[in-house]
Amino acid sequence: MAWNKYVYAALMAMLVAIVSACSVSYKFNGASIDYTKTKTIQFSEFPVRSAYVWAPMGPMFNNTLRSQFTDHTRLQLVKRNGDLKLEGEITRYDQRNKGVSSEGHSAMVELSMTVKARFTNNAKHSDDFEQEFTATASYESTQSLNSVQDGLVQEMIDNICEQIFNAAVANW
């Protein structure tokens with residue numbers, strides 16, 4: 001019995017030494033930013049340049065994108081000369097029939113949204129990119145677009161903003 005107490009005490013001492021000696025840094029938001037070099041981010045409004053326009057979409061997108069970066073990083077939002085710069089436009093928003101019922105009618109409708117983003121990292125230009133990001137959402141054709149549009153557009157915006165965030169600062 002006494003031997004078990006010594007083994008247990010030794011194991012606990014080793015565990016405490018390992019935990020106090022090691023430093024593990026993990027960020028749950030996925031951002032890997034060197035805050036000694038990068039402190040600010042500059043956003044330009046992303047205008048809607050698609051053939052089909054739903055008026056609330058532009059402000060919804062711009063607010064969500066800003067929130068994605070300001071809520072999940074320590075970056076300060078500036079109007080000009082940011083260490084990071086993000087600009088672009090919403091280039092496509094459309095819908096198409098996705099599925100056909102047994103009667104030959106459309107059963108599902110798919111909404112699609114595409115955003116072209118240009119990212120500049122003034123501290124490390126090798127991270128710069130210009131890329132298109134797309135998200136889709138579907139709804140049953142028995143529903144009207146007006147009844148589901150707000151929720152589905154927000155879902156697509158959240159998805160695209162997360163894609164842009166990951167491409168810009170997650171470095172996965």
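Now for a look at the structure at hand. (Residues numbered from 1 in each chain as written. Predicted model: local features only at pLDDT ≥ 70, side-chain atom pairs only at ≥ 80, totals over all residues. Heavy atoms only, no water.)

## Regarding the side chain of Glu-110
Threshold: Strands are runs of DSSP state E lasting at least 2 residues, helices are runs of H or I lasting at least 4, and numbering of each runs from the N terminus. Using a 1.4 Å probe on the protein chains alone, a residue whose accessible area is under 20% of its type maximum counts as buried, one over 50% counts as exposed, and one in between counts as partly exposed. Here a polar contact means two N or O atoms within 3.5 Å. Within protein one must be a hydrogen donor candidate and the other an acceptor candidate, and residues neighboring in sequence count only if both atoms are side-chain atoms. Two residues form a contact once any of their heavy atoms are found within 4.5 Å.
Within the element layout of this structure, Glu-110 appears in strand S4 (residues 106-121). Of the residues examined, Glu-110 reaches a relative accessible area of 10% and is grouped as buried. One polar contact links Glu-110 to Arg-96, side chain to side chain, over a distance of 2.7 Å. Excluding its chain neighbours within four sequence positions, the residues that come into contact with Glu-110 are Asp-94, Gln-95, Arg-96, Lys-98, Thr-136, Ala-137 and Ser-138.

## Notes on the layout of surface pockets
To keep things clear, this is the line we draw: With a 1 Å grid spanning the protein atoms alone, the term cavity applies to any set of points in which a 1.4 Å probe fits but cannot get out, the term pocket to an open set with protein on both sides within 12 Å along at least five of seven lines, and the term lining residue to any residue with an atom within 4 Å of a point. Grid points are joined across faces, edges and corners, and a volume is the space filled by probe spheres set on the points. When residues are grouped by polarity, Ala, Val, Leu, Ile, Met, Phe, Trp, Tyr, Cys and Pro land in nonpolar, Asp, Glu, Lys and Arg in charged, and all others, Gly among them, in polar.
When its volume is computed, the largest pocket comes out at roughly 200 Å³. Taken together, 13 residues line the largest pocket, and the ones lying closest to its centre are Asp-34, Thr-38, Asn-121, Lys-124 and Asp-127. For the lining of the largest pocket, the residue count by class is 5 nonpolar, 4 polar and 4 charged.

## A closer look at the packing of aromatic side chains
Centre distance and the angle of the planes are the two values used to describe a pair of aromatic rings. Here is the rule: Here is the rule: rings of Phe, Tyr and Trp (six-membered ring for Trp) pair when centre to centre is within 6.5 Å. Planes less than 30 degrees apart are stacked, more than 60 are edge-to-face, and the remainder are tilted.
One pass over the structure, following the stated rule, counts 6 aromatic pairs. Ring geometry for Phe-43 and Phe-69: centres 5.6 Å apart, planes at 70 degrees, overall edge-to-face. Of this pair, Phe-43 sits in strand S1 (residues 40-43) while Phe-69 sits in helix H2 (residues 57-72); the two residues are 26 residues apart in sequence, bridging distant segments of the chain. Exposure remark for Phe-43: the relative accessible area of 11% places this residue in the buried category. Here Phe-46 and Phe-61 contribute two aromatic rings whose centre-to-centre distance is 5.2 Å and whose plane-to-plane angle is 55 degrees, an arrangement assigned as tilted.

## As for the pattern of salt bridges
Selection rule: For this analysis, a salt bridge means a side-chain nitrogen from Lys or Arg found within 4 Å of a carboxyl oxygen belonging to Asp or Glu.
In the structure shown here, the tally under the stated rule is 7 salt bridges. Notably, a salt bridge pairs Asp-94 with Arg-92, separated by 3.7 Å at the nearest N-O pair. Judged by relative accessible area, Arg-92 falls into the partly exposed class, the value being 34%. Notably, a salt bridge pairs Glu-110 with Arg-96, separated by 2.7 Å at the nearest N-O pair. Residue Glu-110 is located in strand S4, and its partner Arg-96 is located in strand S3 (residues 84-100); the two are separated by 14 residues in the primary sequence.

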